[in-house]
Amino acid sequence: MYDVVIKNGLIVDGSGGAGYRADLAIQGDKIASIGRINAPARQTIDAEGHVVSPGFVDGHTHMDAQVFWDPIGSCSCYHGVTSVVMGNCGFTLAPCKPEDADLVFRNLERAEDLSREAMLAGIDWTWETFPQFLDSVDRLPKGINYAGYIGHSALRTYTMGERAFTEQASEDDLKHMQALVKEAMQAGAIGFSTSRTFNHITADDRPVASRIAHWDEVRGIVNAVGETGKGVFEIAGEAPGRNPERIREYHNRLRDLSVESGVTQTWGMFSVRVAPELWRPYFDLLDETAEAGGRMYAQVHTRALNTLLSFESHTPFDKWELWSDIRALPLEEQKVKLRDPALKAKLVEIANREYTGPKVVGAEPRPPEWEYVYPMSDMVYDQPSMAELARAKGVNPVELMIDMALEHDFRIFFRQPIANENQDHVLEMMKHPRSVVTFSDSGAHVAQIMDSSLQTHLLSYWVREKQALSLEEAVRQITYNTATMWGLHDRGLLREGMAADVVIFDPKTIGARLPQIVHDLPAGAKRLKQTADGIKHTLVNGEILLTDNEHSGAVPGRLLRS
């Protein structure tokens, strides 16, 4: 007798091969058989009309803090994700002594938009070293599986203390960090991550600790990872701009480190409309590195990278004159005020001025470019911009934003792409043989972006609506490709003996639902939440975790050690 038998489904096994009708049996936490199965089972699932695929694997999340207060791994779990890699961009909670937690919070609080109050309330700090941190995660009840990098900023502050934010590492500092990263790798870290991007700053406007380091420090640590014979190096990269010599010098460093260390290297890449020529040379670098003997992959998204604006969360004008007074009121009072024609006209006039107030996190220093802001009253992706809609109505876009918000009782978002505006570029990047489709950033920017649904968007938009990818190609991109890239070799395929992470979904209806604003973080902090249509069941290690977005109560997730 099997534990679970899934009957009558279309098996899309993650390999990219054509789907086929078959049954799938699970014994314990492993796939036991695929074919025509007549043996009895303790639980039988009828998958008629549904696809049976491997659980989706997301290699770019920031769920290091969230894992301590969220037992199911939302919102990734709602979109078929059964395994995630956390600790990206150098941001991890270890190594760190409990009494020095503020050093870690300083790195995370602004760069990843994680509330310090939420972290203090939600994290039971029971570790100092990275191996101890992994053991703490291992003991937690978890709905999905987690793997984790050791992050450069935490490694640096643990070694150097306050000096990490101002000084270069000494020779002894570097040797200490190299020893710690080897210890972390032997304990099961998935690799080492760092950030060198100007976007990552502390709450007091200083670079996060990893940004202070010279390249030789990064190189020394990555080579130490290479000495362990395993692991991935993830980098939130530098911004060399449009200077060809500066770009070439940076690319040479990335290529040479990949070849020299033997460590698989990965970084995220987007297209940007203000410099549409910049991304392709990075993809040429992938091939150049492979020819030189290195292994390098670009992480790509399935759509625009959007910030979501809403009167329930934040607008571009929250800190502007008069707007700040209105936005400080309870939402119901804001609705009343915004219905006053004279006040609305004044708000519209102010919003079209040049911004002269203080620069604040989340504030736009200028009015948005309304040609690149789109309403989200439903999940139809290709919609006219706010500028187009405003011209058709003969009103100002700010007035239209207010009117639409009131019409929907504030339950409407306005998505503002900050990258990947050109969807032809998105498709080209996804199809590159050395790219992996991931980069949800789940666990970070929780009130600003909602990209935990990038997998369901792939299946609804690019497969069903655009027919630009086959179902089999798309499933492979978010299962086998991502699992293999991060060395999770027992996942990402439906094969006998593999881990029984399985998603059962309807290809005709799968897709993301509209996001919501909820206040369910520790200390009552707000975040965006998004569930999905069309996913009947998600199984993790052989147990049903979710049925139609509802948690079964099971916590079958595991720590995945390298």
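Presented here is an overview of the structure given in this document. Computed from a prediction, not measured in an experiment: that's the story for all the values here.

1. Concerning the pairing of strand β22 (residues 535-540)
Now for step 1: Burial analysis of β22 places five of its six residues in the buried class, which makes it a mostly covered element.
Now for step 2: Where β22 and strand β23 (residues 543-547) come together, four bridges link them in antiparallel fashion. Looking at the pairing, Thr-538 lines up with Leu-546 of β23.
Now for step 3: Between β22 and β23, which follow one another and run antiparallel, lie two residues, and Asn-541 among them has a positive phi close to 50°.

2. Notes on the pairing of strand β15 (residues 413-419)
Now for step 1: Of all seven residues that make up β15, six are buried, and the element is covered over most of its length.
Now for step 2: Of the pairings in the sheet, the one linking strand β13 (residues 305-309) to β15 comprises five bridges and is antiparallel in character. For Asn-306, the partnering residue across the bridge sits in β15 and is Pro-417.
Now for step 3: Looking at chain direction, strand β14 (residues 374-376) and β15 are connected through three bridges and run antiparallel. Directly across from Pro-375, in β15, lies its bridge partner Phe-414.

3. Things to note about the sheet that holds strand β12 (residues 296-300)
Now for step 1: Strand order in the open sheet made by the eight strands is β6-β7-β8-β9-β10-β11-β12-β16, with parallel pairing throughout. On the outer flanks of this sheet lie β6 (56-58) and β16 (435-437), each paired with one strand and no other. Taking the axes of each pair of neighbouring strands and ignoring which way they run, one obtains an average angle of 25° across the sheet.
Now for step 2: Packed on one face of the sheet, helix α8 (residues 244-261) meets β10 (232-236), β11 (264-268) and β12 and runs near 145° to β11.

4. Considering the side chain of Asp-173
Now for step 1: Within the secondary structure layout, Asp-173 lies in helix α5 (residues 171-187).
Now for step 2: Given a relative accessible area of 7%, Asp-173 falls into the buried group.

5. A look at the sheet that holds β13
Now for step 1: Taking strand neighbours across the sheet as the criterion, the three strands line up as β13-β15-β14 in an open arrangement whose pairing is antiparallel. Across the chains shown, the open sheet's two edge strands, defined by having one partner strand only, are β13 and β14. Averaged over all neighbouring strand pairs, the angle between strand axes comes to 40°, with direction disregarded.

6. Examining the state of the cysteines
Now for step 1: A complete count under the given rule lists zero disulfides for this structure.
Now for step 2: Here Cys-77 stays unpaired: no disulfide links it, and the sulfur of Cys-75, its closest cysteine neighbor, is 7.2 Å away.
Now for step 3: Using a relative accessible area of 1% as the deciding quantity, one classes Cys-77 as buried.
Now for step 4: Here Cys-96 stays unpaired: no disulfide links it, and the sulfur of Cys-89, its closest cysteine neighbor, is 19 Å away.

7. A look at the packing of helix α12 (residues 341-351) against helix α14 (residues 397-407)
Now for step 1: Where α12 meets α14, the closest approach of the two axes is 9 Å, and the angle between their N-to-C directions is 130°. Considering their axes alone, α12 and α14 lie oblique with respect to each other. Handedness of the crossing formed by α12 with α14: right-handed. Together, Lys-344, Val-348 and Ala-351 of α12 and Val-398, Glu-399, Ile-402 and Asp-403 of α14 make up the contact between the two elements.
Now for step 2: Residue classes in the contact of α12 with α14 are distributed as four nonpolar, no polar and three charged.

8. A few points about the packing of aromatic side chains
Now for step 1: Evaluated as defined, the whole model comprises 17 aromatic pairs.
Now for step 2: With 6.1 Å between their ring centres and 75° between their planes, Phe-105 and Trp-125 make a pair best called edge-to-face. Taken together, the residues Phe-105 in helix α1 (residues 101-108) and Trp-125 in the loop between α2 (116-122) and α3 (130-139) connect sequence positions 20 residues apart. Considered together, Phe-105 and Trp-125 belong to a single accessibility category, that of buried residues.
Now for step 3: Measuring from ring centre to ring centre gives 5.3 Å for Trp-279 and Phe-283, while their planes differ by 90°; the resulting arrangement is edge-to-face.

9. Topic: helix α9 (residues 279-292)
Now for step 1: In this model α9 runs 21 Å from its N-terminal to its C-terminal C-alpha over 14 residues, within 8% of the 20 Å that 1.5 Å per residue would give.
Now for step 2: Turning to α9, its buried residues number three or more, namely Trp-279, Tyr-282, Phe-283, Leu-285, Leu-286 and Thr-289. Looking straight down α9, one finds that the buried residues subtend no more than 145° of arc, so they occupy a single side. Across from the buried face of α9, at angles greater than 90 degrees, the exposed residues are Asp-284 and Glu-291.
Now for step 3: As for α9, its buried residues are in contact with α8, β11, β12, α15 (423-431) and β16.
Now for step 4: Count one or two residues on from α9 and you reach Gly-293, which has phi positive near 105°.

Conventions adopted
- Residues numbered from 1 in each chain as written.
- Predicted model: local features only at pLDDT ≥ 70, side-chain atom pairs only at ≥ 80, totals over all residues.
- Heavy atoms only, no water.
- Buried < 20%, exposed > 50% of the residue type's maximum accessible area, 1.4 Å probe, protein only.
- Helix = DSSP H or I, 4+ residues; strand = E, 2+ residues; numbered from the N terminus.
- Pairing = 2+ DSSP bridges.
- Axes fitted to C-alpha atoms, helices over the stretch in contact; angles between N-to-C directions.
- Contact = heavy atoms within 4.5 Å.
- Disulfide = S-S within 2.5 Å.
- Parallel < 35°, antiparallel > 145°, perpendicular 65-115°, else oblique.
- Left-handed = near helix turned anticlockwise from the far one by under 90°.
- Nonpolar A, V, L, I, M, F, W, Y, C, P; charged D, E, K, R; others polar.
- Phe/Tyr/Trp six-rings, centres within 6.5 Å; stacked < 30°, edge-to-face > 60°.
- Expected span 1.5 Å × (residues − 1).
- Arc of directions from axis to C-beta.

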